[in-house]
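# Notes for the structure review
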Amino acid sequence: MAKVEITIPEQLEMQIARMVEEGEFLNRQEAVEELLSTGMRAYQTSGPMDDEDEPGLEDDGMMGHDDEYVF
């Protein structure tokens with residue numbers, strides 16, 4: 001397994017520490033690995049957000065459906 005060193009904002013570190021303390025993950029390494037993997041899967045499913053892909057979507061409600069309301 002590759003080893004990676006990253007710097008993250010203190011707020012994210014606190015959230016990860018809280019998840020570990022609450023028993024959602026065994027340790028920080030498992031938490032970061034699982035959260036990163038989940039994010040990668042979500043990114044691959046939805047792809048990058050690019051407004052140019054669907055011009056005019058903002059005129060058709062929140063998700064492009066006329067039956068949704070925006071407040």
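Refer to the structure printed above.
Quick caveat, the model's predicted, so the values are computed rather than measured.

Reading the values: the criteria
- Residues numbered from 1 in each chain as written.
- Predicted model: local features only at pLDDT ≥ 70, side-chain atom pairs only at ≥ 80, totals over all residues.
- Heavy atoms only, no water.
- Helix = DSSP H or I, 4+ residues; strand = E, 2+ residues; numbered from the N terminus.
- Areas by Shrake-Rupley, 256 points an atom, 1.4 Å probe, with all protein chains shown as cover.
- Salt bridge = Lys/Arg side-chain N within 4 Å of Asp/Glu carboxyl O.
- Buried < 20%, exposed > 50% of the residue type's maximum accessible area, 1.4 Å probe, protein only.
- Axes fitted to C-alpha atoms, helices over the stretch in contact; angles between N-to-C directions.
- Parallel < 35°, antiparallel > 145°, perpendicular 65-115°, else oblique.
- Left-handed = near helix turned anticlockwise from the far one by under 90°.
- Contact = heavy atoms within 4.5 Å.
- Nonpolar A, V, L, I, M, F, W, Y, C, P; charged D, E, K, R; others polar.

### Brief notes about the overall build of the protein chain
For the protein chain, the count of helices and strands is 2 helices and 0 strands. Carbon and sulfur atoms form 53% of the exposed surface of the protein chain, whose accessible area is close to 6900 Å².

### A look at the pattern of salt bridges
Scanning all chains against the criterion turns up 3 salt bridges. For Arg 18, the salt bridge is made with Glu 22, and the minimal N-O distance between the two is 3.3 Å. On the basis of relative accessibility, which here comes to 39%, the residue Arg 18 falls in the partly exposed class. Across the pair Arg 41 and Glu 34 runs a salt bridge whose closest N-O atoms are separated by 3.9 Å.

### What about the packing of helix α1 (residues 10-21) against helix α2 (residues 28-46)?
Running from N to C, α1 and α2 point in directions that differ by 115°, and their axes come no closer than 9 Å. Regarding the angle of α1 to α2, the classification is roughly perpendicular. Crossing hand, α1 versus α2: right-handed. Along the contact surface, α1 presents Glu 13, Ile 16, Met 19 and Val 20, while α2 presents Arg 28, Ala 31, Val 32 and Leu 35. Among the residues forming the contact of α1 with α2, the class breakdown is 6 nonpolar, no polar and 2 charged.

Note that every value here comes from positions in space, so none of it alone points to a role or purpose.
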